Each structure stands twice: as C-alpha cells, then as structure tokens.
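Letter by letter, the chains look like this.
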Amino acid sequence: MSGPPSSLSCYIPSDLSGYTDADYAGSISDRRSTSGFCTFRGNHLISWKSKKQAVVSRSSAESEYRAMAQGLPSCYHPTQFFTKELSI
C-alpha cells in the first residue's frame with residue numbers, strides 16, 4: 001500500500017489513534033482490494049491487521065471506505081480494555 005494512510009476519527013478517552021489504508025484492486029487475479037489498519041497508543045503499536053476485501057470495489061473511494069469500516073472496531077476494543085481494566 002502506497003501513499004499516506006487514512007486517519008480514523010473516533011472519540012477515544014486516551015491517546016489511542018488508528019490508521020487505515022487500502023490497495024484498490026491490488027490483486028491481479030481477482031481485482032479485490034487489500035485493507036490494512038493499525039492502532040497506536042502514543043507512539044506504540046498495539047494492534048494491526050491486513051486482509052483481502054471480500055468483494056470487488058467499484059472505486060478507490062469505496063475500497064478506502066471498506067478499509068475504514070474494518071479498522072474502526074480496532075479503536076473501540078482497546079479503548080474498552082484501557083478504560084475498564086486499567087482505569088484510564
């Protein structure tokens with residue numbers, strides 16, 4: 001994936017941040033895009049994942065939207081952990 005990643009805007013009570021990116025129609029064999037996302041707490045990477053999208057996107061905007069939809073839950077699960085378990 002090239003270029004700057006998209007930034008997720010989600011309300012997070014701590015210093016968590018998430019980034020997503022997509023490679024539009026990157027697979028030559030089936031034209032499916034690959035999504036990737038990562039979650040940071042401060043400068044520390046706490047989770048990441050890349051996955052081929054299940055459907056063929058019709059545009060790069062749709063591919064990016066699907067990547068953000070897959071990456072958004074990665075912001076909420078660590079937030080729940082940090083607020084419940086660590087009382088942040």
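You'll find the structure just up there.
Model, not experiment: these values are computed from the prediction.

Caption draft 1: View of the side chain of serine 33. Relative to the helices and strands, serine 33 resides in the loop between β2 (16–23) and β3 (34–41). With relative accessibility at 0%, the residue serine 33 sits in the buried group. Reaching out from serine 33, the side chain makes a polar contact with the backbone nitrogen of alanine 25 at a distance of 2.9 Å.

Caption draft 2: Highlighting the packing of aromatic side chains. Scanning the entire structure with this criterion turns up one aromatic pair. When the ring of tyrosine 19 is compared with that of phenylalanine 40, the centres are 6.0 Å apart and the planes differ by 75 degrees; the resulting orientation is edge-to-face. Pair noted here: tyrosine 19 is in strand β2 and phenylalanine 40 is in strand β3, with a separation of 21 residues, a long-range link.

Caption draft 3: Molecular detail of the pairing of strand β4 (residues 44–52). Pairing analysis gives eight bridges linking β3 to β4, with the strands arranged antiparallel. Bridging across to β4, arginine 41 finds its partner in histidine 44. Where β3 hands over to β4, the hairpin turn is made up of two residues, of which glycine 42 adopts a positive phi near 65 degrees.

Caption draft 4: Examining the pattern of salt bridges more closely. One pass over the full model with this rule turns up three salt bridges. The closest approach of N and O atoms between arginine 66 and glutamate 62, which form a salt bridge, is 3.0 Å. Taken as a pair, arginine 66 and glutamate 62 lie in helix α1 (residues 60–84) at a separation of four residues, close to a single helical turn. Looking at arginine 66, the relative accessible area reads 32%, which means it is partly exposed. Via salt bridges that share partners, Asp30, Arg32 and Lys52 belong to a single interconnected network.

Caption draft 5: Spatial organisation of the environment of serine 17. On the secondary structure map, serine 17 appears in strand β2. When its relative accessible area of 22% is taken as the criterion, serine 17 is described as partly exposed. Each C-alpha atom, one on serine 17 and one on threonine 39, is 5.7 Å from the other, the two residues being 22 residues apart in sequence. With near-sequence residues (within four places) excluded, serine 17 lies in contact with Cys38, Thr39 and Phe40.

Analysis parameters
Residues numbered from 1 in each chain as written. Predicted model: local features only at pLDDT ≥ 70, side-chain atom pairs only at ≥ 80, totals over all residues. Heavy atoms only, no water. Helix = DSSP H or I, 4+ residues; strand = E, 2+ residues; numbered from the N terminus. Buried < 20%, exposed > 50% of the residue type's maximum accessible area, 1.4 Å probe, protein only. Polar contact = N/O pair within 3.5 Å; in protein donor to acceptor, adjacent residues only side chain to side chain. Phe/Tyr/Trp six-rings, centres within 6.5 Å; stacked < 30°, edge-to-face > 60°. Pairing = 2+ DSSP bridges. Salt bridge = Lys/Arg side-chain N within 4 Å of Asp/Glu carboxyl O. Contact = heavy atoms within 4.5 Å.

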